[in-house]
Amino acid sequence: MATAAETSASEPEAESKAGPKADGEEDEVKAARTRRKVLSRAVAAATYKTMGPAWDQQEEGVSESDGDEYAMASSAESSPGEYEWEYDEEEEKNQLEIERLEEQLSINVYDYNCHVDLIRLLRLEGELTKVRMAREKMSEIFPLTEELWLEWLHDEISMAQDGLDREHVYDLFEKAVKDYICPNIWLEYGQYSVGGIGQKGGLEKVRSVFERALSSVGLHMTKGLALWEAYREFESAIVEAARPVAGFLSPFDREQTFDSQLEKVHSLFRRQLAIPLYDMEATFAEYEEWSEDPIPESVIQNYNKALQQLEKYKPYEEALLQAEAPRLAEYQAYIDFEMKIGDPARIQLIFERALVENCLVPDLWIRYSQYLDRQLKVKDLVLSVHNRAIRNCPWTVALWSRYLLAMERHGVDHQVISDSSKELEELRAAFTRALEYLKQEVEERFNESGDPSCVIMQNWARIEARLCNNMQKARELWDSIMTRGNAKYANMWLEYYNLERAHGDTQHCRKALHRAVQCTSDYPEHVCEVLLTMERTEGSLEDWDIAVQKTETRLARVNEQRMKAAEKEAALVQQEEEKAEQRKRARAEKKALKKKKKIRGPEKRGADEDDEKEWGDDEEEQPSKRRRVENSIPAAGETQNVEVAAGPAGKCAAVDVEPPSKQKEKAASLKRDMPKVLHDSSKDSITVFVSNLPYSMQEPDAKLRPLFEACGEVVQIRPIFSNRGDFRGYCYVEFKEEKSALQALEMDRKSVEGRPMFVSPCVDKSKNPDFKVFRYSTSLEKHKLFISGLPFSCTKEELEEICKAHGTVKDLRLVTNRAGKPKGLAYVEYENESQASQAVMKMDGMTIKENIIKVAISNPPQRKVPEKPETRKAPGGPMLLPQTYGARGKGRTQLSLLPRALQRPSAAAPQAENGPAAAPAVAAPAATEAPKMSNADFAKLFLRK
């Protein structure tokens, strides 16, 4: 390894060979060269102080002041140069802007952007004293970003003149590393401390800074490498500076000085190679080249283990590199991974990395502080994180309460009120200050409600009622709580009612519940039930009648509003279905038109147009109609065994078709081959009915038996097949014991090949025709979302990754058809209503794979029960008899061949508003009997454009 002196000597020669460079690159090269010179000379000075005059100095003029050349280098980097600014319009404009910003900050000291703009302008004008004051004022209120700290530190380094100034810069570095985890600030801190190596205790100071830096960010996979290399280069420079003197020392002195220093470099290499970092291979190769002895086997084993760990971490690091800030979802996935591994140092590091870009996310601070409170429990670390949390998110009550609990848990001293007569007034004053702070410092300045549920006021009212017996004050506080937008929530009214029940009187309880019935919009049924219960137990008959009338009126109005909302939702769904049906019809028509053009060539089209009038006169000349052979059997009496199909050039070609008798025999053989599944209704208690299975399931018996054998011994699984041998998606599972069948019902909605399997009791529907089990809720579910418009290619994992960013996802279901293909719909269940409502606001209208999705709270429309035919009546007319179509009802192919032109009712025919008009008593012959038409007339109607 080349010495520092050799490196310095070779630099000018290398520069002359490199040729001209850009200005920015030249400045960087000069700055790096200056740092290396300073480092070498400062290390030489430290070595001289350590080893004494026995060392023959090769560098002359080494003194303590040489270390301060780092400050000069930093000043050369950061100082823009000395310019004589003349008083002009631009300067006057800046001064006016500075005055405006200072006035704005005197009104609202929490305006972050105003602080930043003021510092920028003061620095531009050269007001160094004012810049320092502005920065200190901002740092007292807000944590500063890495960029703001580095700018401040460079300015202070350029102004540092003596040892006192250096101590001031050290203090500034200590404040900077406490706000956020910043590898660049630690690197700057270590390099600056090297400049003070000539002072008393300077060497220990440098090593202390680098060791703390490694403890803080040494595990950082992408930015930790620079710190390790800087520390190692510092120790290596000491070794190279002491190498010429080592030969003149006694064995004891050599072991105490040179060999111990050499071991420090070895130790740094080994520590670094045991940690998964990017570019580890280059470090290992450098160690092999630097070390005079072979690398120990234990070091190689640790190095290989670190490489394996690096491969596990790479996907998460690459996801962070590819994503755009603030990368919250990527960081959360990384945190989950680290939590599973359980290394406290790495967990702390990834939390700190995530908070650099997501410092205004209270949930992330809560999760971090919760981990420290429960796992590490280190007092200084825990309290520091809690303090930083409230500095970043002062509007969040949960962070303040957690901070207070943490201080109490770790025994932090607090002021004890000795005068008991003033205790109550002090408490009330504290509550008042808290409310004023929330209103003025949080709600007005940050536009965020610091206490949306008014927890502080609720606690105050509870204390007034229980400990002070002052219900009048408690009621005033609850009036204020309700006027802040909480009157629509049932739980708030019930909390107030319980307080009145415990410490108030019946009259105020009744008054509160009557107000609750009128105002509650989320769960009015619950409030009405509580009111009726109270009047039943404590009220008079008159009070009971009033309560019944009031609750019925309110619930009727609520139900009406819900019905309107459901109808509106159903109308929107119907519109979407109609649009989808129109698109489907248009595609089918387009496809049919293309097919028709292929079948009918240009010549045949012209012949058909010429003979349009004569078409249909002779039945023997009609073209043969193509029949589908695969899924249909010709009717009895047909003897045609040749099918006309279109050839490549549009000409007709004969295709052999089996005679009807053979097709019937084939269908009959299929029916004979498929065994009929008979069900014994006496075994319903030990049998379950399994449905909603995929049609594509192969060997259902073998697939389902292992699942149900976990519930008990399975006697038989009877899957149901169609006549063609296709699985129909349901089966019967018969157990040996009844308790096994009951246990099997708990497997309802278990996912099987991507579809929820329905498991229900086996019931004979001929005896219980009204028995139906709908597997999902049809009422309003505030914690569940309904998502529509999803791309068919969207997977469950992709959607879950998107939804997890807004809360804890308990369940997610993609709606599919019988074949298992997605329908573009999904249901997402969150842990609570708050997370669901936040997800609706943030996800509705989101674009996923070029599809704009719609997100709403799950509220399916009411399932309409079809009216029985015998109950339908025409308005003002007799009961209508059901139309009969045969034993199996109207089939799909039982279509009317009457053209639509003849189906249109005449203008004179009366039409009922909501149904068919009543038939007249006497009908004219023209109205009851249509004129007879020939085949030619029918053809004209069909071909009418």
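The structure reproduced in this document is the subject of the present report. Worth saying up front: this structure is predicted, and the values here are computed from it rather than measured.

Definitions and limits used
Residues numbered from 1 in each chain as written. Predicted model: local features only at pLDDT ≥ 70, side-chain atom pairs only at ≥ 80, totals over all residues. Heavy atoms only, no water. Pairing = 2+ DSSP bridges. Helix = DSSP H or I, 4+ residues; strand = E, 2+ residues; numbered from the N terminus. Axes fitted to C-alpha atoms, helices over the stretch in contact; angles between N-to-C directions. Buried < 20%, exposed > 50% of the residue type's maximum accessible area, 1.4 Å probe, protein only. Contact = heavy atoms within 4.5 Å. Patch = residues over 30% accessible without salt bridge, like charges linked within 9 Å, V, L, I, M, F, W, Y side chains within 5 Å. Areas by Shrake-Rupley, 256 points an atom, 1.4 Å probe, with all protein chains shown as cover. Salt bridge = Lys/Arg side-chain N within 4 Å of Asp/Glu carboxyl O. Lys, Arg positive; Asp, Glu negative; His and termini not counted. Charge placed at Lys NZ, Arg CZ, Asp CG, Glu CD. Core = buried A, V, L, I, M, F, W, Y, C linked by side-chain atoms within 4.5 Å.

## Here we look at the sheet that holds strand 6 (residues 750-752)
Okay, step 1: The antiparallel open sheet is built from five strands, whose spatial order is 4-5-3-7-6. Single-partner strands in this sheet number two, and they are strand 4 (714-721) and strand 6. Here the average twist between neighbouring strands, direction ignored, is 30°.
Okay, step 2: Pairing geometry for strand 3 (residues 687-691) and strand 5 (residues 727-735), over four bridges, is antiparallel. Paired with Val 688 across the strands is Val 733, a residue of strand 5.

## Things to note about the environment of Leu 372
Okay, step 1: Its location among the elements puts Leu 372 in helix 17 (residues 362-376).
Okay, step 2: Leu 372 gets classed as buried once you look at its relative accessible area, which sits at 1%.
Okay, step 3: Once the C-alpha coordinates of Leu 372 and Pro 344 are considered, the two residues, 28 residues apart in sequence, prove to be 9.3 Å apart.
Okay, step 4: Those residues in contact with Leu 372 that sit more than four places away from it in its chain are Lys 377, Leu 381, Val 382 and Val 385.

## Some thoughts on the sheet that holds strand 8 (residues 781-788)
Okay, step 1: A sheet is described by the order of its strands in space; here four strands give the open sequence 9-10-8-13, paired in antiparallel fashion. Two strands lie at the open edges of the sheet, namely strand 9 (809-816) and strand 13 (854-858), each paired on one side alone. Neighbour-to-neighbour, the strand axes of the sheet open up by a mean angle of 20°, direction not taken into account.
Okay, step 2: Here strand 8 pairs with strand 13 via five bridges, running antiparallel. Counterpart to Phe 786 in the pairing with strand 13 is Ala 856.
Okay, step 3: Sitting on the sheet, helix 31 (residues 796-803) is in contact with strand 8, strand 9 and strand 10 (822-830), with an inclination near 140° to strand 9.
Okay, step 4: Sitting on the sheet, helix 32 (residues 833-843) touches strand 8, strand 10 and strand 13, and the angle it makes with strand 8 is about 25°.

## Quick look at the environment of Glu 240
Okay, step 1: Looking at where Glu 240 falls in the secondary structure, it is placed in helix 11 (residues 224-246).
Okay, step 2: Along the backbone, Glu 240 and Leu 262 are 22 residues apart, and their C-alpha atoms lie at a distance of 9.5 Å.

## Notes on a positive patch on the surface
Okay, step 1: Together, Lys 579, Arg 583, Lys 584 and Arg 587 line one region of the surface with positive charge.
Okay, step 2: Relative to the helices and strands, Lys 584 is located in helix 26 (residues 541-599).
Okay, step 3: What makes Lys 584 exposed here is its relative accessible area of 52%.

## Focus on the nonpolar core
Okay, step 1: Formed by 135 residues in total, the largest nonpolar core has its most connected members in Phe 173, Ile 185, Trp 186, Phe 234 and Trp 478.
Okay, step 2: In this structure Trp 478 touches Gln 458, Ala 461, Met 492, Glu 495, Tyr 496 and Leu 499, once residues within four positions along its chain are discounted.
Okay, step 3: Among the nonpolar cores identified, the runner-up in size contains 19 residues, and Phe 727, Ala 744, Val 752 and Val 759 belong to it.

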